[in-house]
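Residues per chain are reported as follows:
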Amino acid sequence: MGQVLLVTGGSRGIGAAVALLAARRGWDVAVNYAADQASAERVAAQARELGVRAMAVRARVEHEDEVLAMYRAVDAQLGPVAGLVNNAGVVDRAARVDEMSVARLRRMFEINVIGSFVCAREAVLRMSTRHGGAGGAIVNLSSAAARLGAPGQYVDYAASKGAIDTFTQGLAKEVAAEGIRVNAIRPGLIDTDIHASGGIPDRVKQLQHQVPMGRGGSAEEVAEAVVWLLGPESSYVTGTLVDVTGGR
Ligand code: NAP
């Protein structure tokens, strides 16, 4: 039996690539999803084909009761987590700040920020030596938008990822002596469905001229960095924000 990894938003994109690469490295994986059960089940089945234990588990991360139920299901089926990837995240339609409703802002911060906090809280309760755990690693998905600001597109999203950067650095120091490392990845333009969900399916093509390497990245390229931060190869790395941006 491997160590248990929970990947939020593991049904597609970066989360699915992380779940499958981690499975290849021997992690048992819990693949969380919000809506697309079939895709999450498919990722879990692919992980099992790699010889590890895997399950799909639904929870909208902004709903505390669903997160608590998710952790109970993972505890029961796989055991306590040793790894958490806070990957679930959303964008919204391109808009200026002077057009943003409070409902939009609440959704953005509830999913991207509060969801990540609550999932991390439950992970710390299971991993921390202070609570009788055996340690672990948390990787948060931030974004290059945290430092670029995403003007005219989604400053709210960028600010939610800025919060993730600060959250990463603070939590890392809080639990460093309790066996838990906490780091973040800041991807740049990565070719996934997230851009279509923001109404700009060809966003990577539109903006790739701004990338020094001249192309968008793949979910698999991000997953390599995430899985490195989860594993013993990065044993002295904590509180770090790793840019995976092709130089952008
Ligand atoms: P994606 O393709 O849109 O996939 C999003 C995943 O999150 C799906 O599995 C989705 O599940 C899940 N999800 C959405 N809302 C959720 C909720 N409320 N609760 C639980 N799960 C939820 O996204 P991606 O491009 O792979 O991005 C993954 C992460 O990387 C995000 O945090 C994103 O902000 C960050 N990132 C992405 C890029 C990029 O260019 N792609 C760049 C920088 C940062 P269902 O399908 O089941 O709803």
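So, how was this worked out
- Residues numbered from 1 in each chain as written.
- Predicted model: local features only at pLDDT ≥ 70, side-chain atom pairs only at ≥ 80, totals over all residues.
- Heavy atoms only, no water.
- 1 Å grid on protein atoms, 1.4 Å probe; cavity = no way out; pocket = protein on both sides within 12 Å on 5 of 7 lines; lining within 4 Å.
- Points joined across faces, edges and corners; volume = space filled by probe spheres on them.
- Helix = DSSP H or I, 4+ residues; strand = E, 2+ residues; numbered from the N terminus.
- Nonpolar A, V, L, I, M, F, W, Y, C, P; charged D, E, K, R; others polar.
- Near = heavy atom within 4 Å.
- Polar contact = N/O pair within 3.5 Å; in protein donor to acceptor, adjacent residues only side chain to side chain.
- Areas by Shrake-Rupley, 256 points an atom, 1.4 Å probe, with all protein chains shown as cover.
- Sits in = over half its atoms within 2 Å of the grid points.
- Pairing = 2+ DSSP bridges.
- Axes fitted to C-alpha atoms, helices over the stretch in contact; angles between N-to-C directions.
- Contact = heavy atoms within 4.5 Å.
- Expected span 1.5 Å × (residues − 1).
- Buried < 20%, exposed > 50% of the residue type's maximum accessible area, 1.4 Å probe, protein only.
- Arc of directions from axis to C-beta.
- UniProt positions renumbered as here; feature names shortened; annotations may be inferred.

Attention shifts here to the layout of surface pockets. One number sums up the size of the largest pocket: a volume of about 1,000 Å³. Forming the walls of the largest pocket are 47 residues, and the residues nearest its centre are N87, G89, V90, V91 and I194. Elements represented by at least two residues in the lining of the largest pocket include exactly α1 (13-24), β2 (28-33), α4 (102-127), α5 (145-148), α6 (155-175), α7 (194-197) and α8 (203-207). Residue classes in the lining of the largest pocket are distributed as 23 nonpolar, 14 polar and 10 charged. Of the volumes computed, that of the second largest pocket is approximately 180 Å³. Every residue along the wall of the second largest pocket is listed here: F117, A120, R121, V124, R130, H131, F167, G170, L171, E174, V175 and E178. Mapped onto the lining of the second largest pocket, the elements with two or more residues apiece are α4 and α6.

Moving on, we come to the site of the ligand. Lining the immediate surroundings of the ligand are 33 residues, of which S11, R12, D36, Y157 and T192 lie closest. For the ligand, an oxygen atom lies 2.4 Å from a polar atom in the side chain of T192. Compared with its free state, where it exposes 900 Å², the ligand has 95% of that area covered by protein. In this structure the site holding the ligand corresponds to the largest pocket. Breaking the shell around the ligand down by element, the ones donating at least two residues are α1, β2, α6 and α7.

Turning our eyes to something else, we now look at the sheet that holds strand β4 (residues 81-86). Overall, parallel pairing links the 7 strands, which are arranged β3-β2-β1-β4-β5-β6-β7 in an open sheet. One side of each edge strand has no neighbouring strand; the edge strands of this open sheet are β3 (54-58) and β7 (241-244). Across the sheet, the mean angle separating the axes of adjacent strands is 20° when strand polarity is ignored. Contacts from helix α2 (residues 37-49) reach β2 and β3, with the element oriented near 165° to β3. α4 rests against β4, β5 (136-141) and β6 (180-187) of the sheet, and its axis sits at about 170° to β4.

Of note, G2 is situated in the segment before β1 (4-7). Taking the C-alpha atoms as reference points, G2 and S160, separated by 158 residues in sequence, lie 33 Å from one another. Setting aside anything within four residues of it in sequence, one finds G2 in contact with G26 and D28.

So, about α2. In this model, α2 (13 residues) spans 18 Å end to end at C-alpha, consistent with the 18 Å of a helix rising 1.5 Å per residue. Among the residues of α2, S39, A40, V43, A44 and A47 are the ones counted as buried. Along the axis of α2, the buried positions cluster into a sector of 140°, meaning they face one direction only. Among the exposed residues of α2, those oriented more than 90 degrees off its buried face are R42 and E49. Tucked into the core, α2 has its buried residues touching α1, β2 and β3. Just downstream of α2 lies G51, where phi reads positive at about 95°.

Mapped onto this structure's residue numbering, the UniProt feature "domain: Ketoreductase" (unreviewed entry) falls at residues 3-192. In residues 3-192, helix accounts for 47% and strand for 18%; the two terminal C-alpha atoms are 28 Å from one another.

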